[in-house]
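Summary of the model geometry
Each chain, written out:
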Amino acid sequence: MRNKIVEFAGKNINVQEKRIGELEILVRDLFPSTKGKLKNLNKALEDLEIDWDLLYDKLPVIFPDITPDDIKNAYMSDLENLIGAFIEVNFFALKKLIPKLMLLIQTGSRQK
């Protein structure tokens, strides 16, 4: 299991890798329109309206150690580091595969 310690609003937050089933539930809870399916996440993110309430509501779901006061006292760079660590820990394999898949697709389309 991967993990990464990230400082957020003066706290050390342990970002831990989630099981696939946990990610499915998390995606479903955060973005009900996805029904827990990653393939529907892009559309849900496109429709998402970012506001402060969203941060206060959704961040503690993903990171239970974070409180509304932590969010209020955080810098935007703290938020960027926290979300980046979550993606790195949970979707590292996807991040590595995407460039290779794109190269494969480009190579295949040139051969036609």
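To start, this report covers the structure provided alongside it. (Residues numbered from 1 in each chain as written. Predicted model: local features only at pLDDT ≥ 70, side-chain atom pairs only at ≥ 80, totals over all residues. Heavy atoms only, no water.)

**Remarks on the environment of Leu41**
- Here Leu41 is to be found in helix H2 (residues 41-47).
- The exposure class assigned to Leu41 is buried, which follows from its relative accessible area of 18%.
- Setting aside residues up to four positions removed in sequence, Leu41 forms contacts with Val27, Phe31 and Thr34. (Helix = DSSP H or I, 4+ residues; strand = E, 2+ residues; numbered from the N terminus. Buried < 20%, exposed > 50% of the residue type's maximum accessible area, 1.4 Å probe, protein only. Contact = heavy atoms within 4.5 Å.)

**Notes on the pattern of salt bridges**
- Counted under the stated rule, the structure contains 3 salt bridges.
- Linking Lys4 and Glu88 is a salt bridge whose minimum nitrogen-to-oxygen distance equals 3.2 Å. Placement of Lys4 in strand E1 (residues 3-8) and of Glu88 in helix H5 (residues 76-111) is noted, with a sequence separation of 84 residues between them.
- On the basis of relative accessible area, Lys4 is assigned to the partly exposed category, the value being 33%.
- Take Glu88: its relative accessible area is 31%, and that puts it in the partly exposed class. (Salt bridge = Lys/Arg side-chain N within 4 Å of Asp/Glu carboxyl O.)

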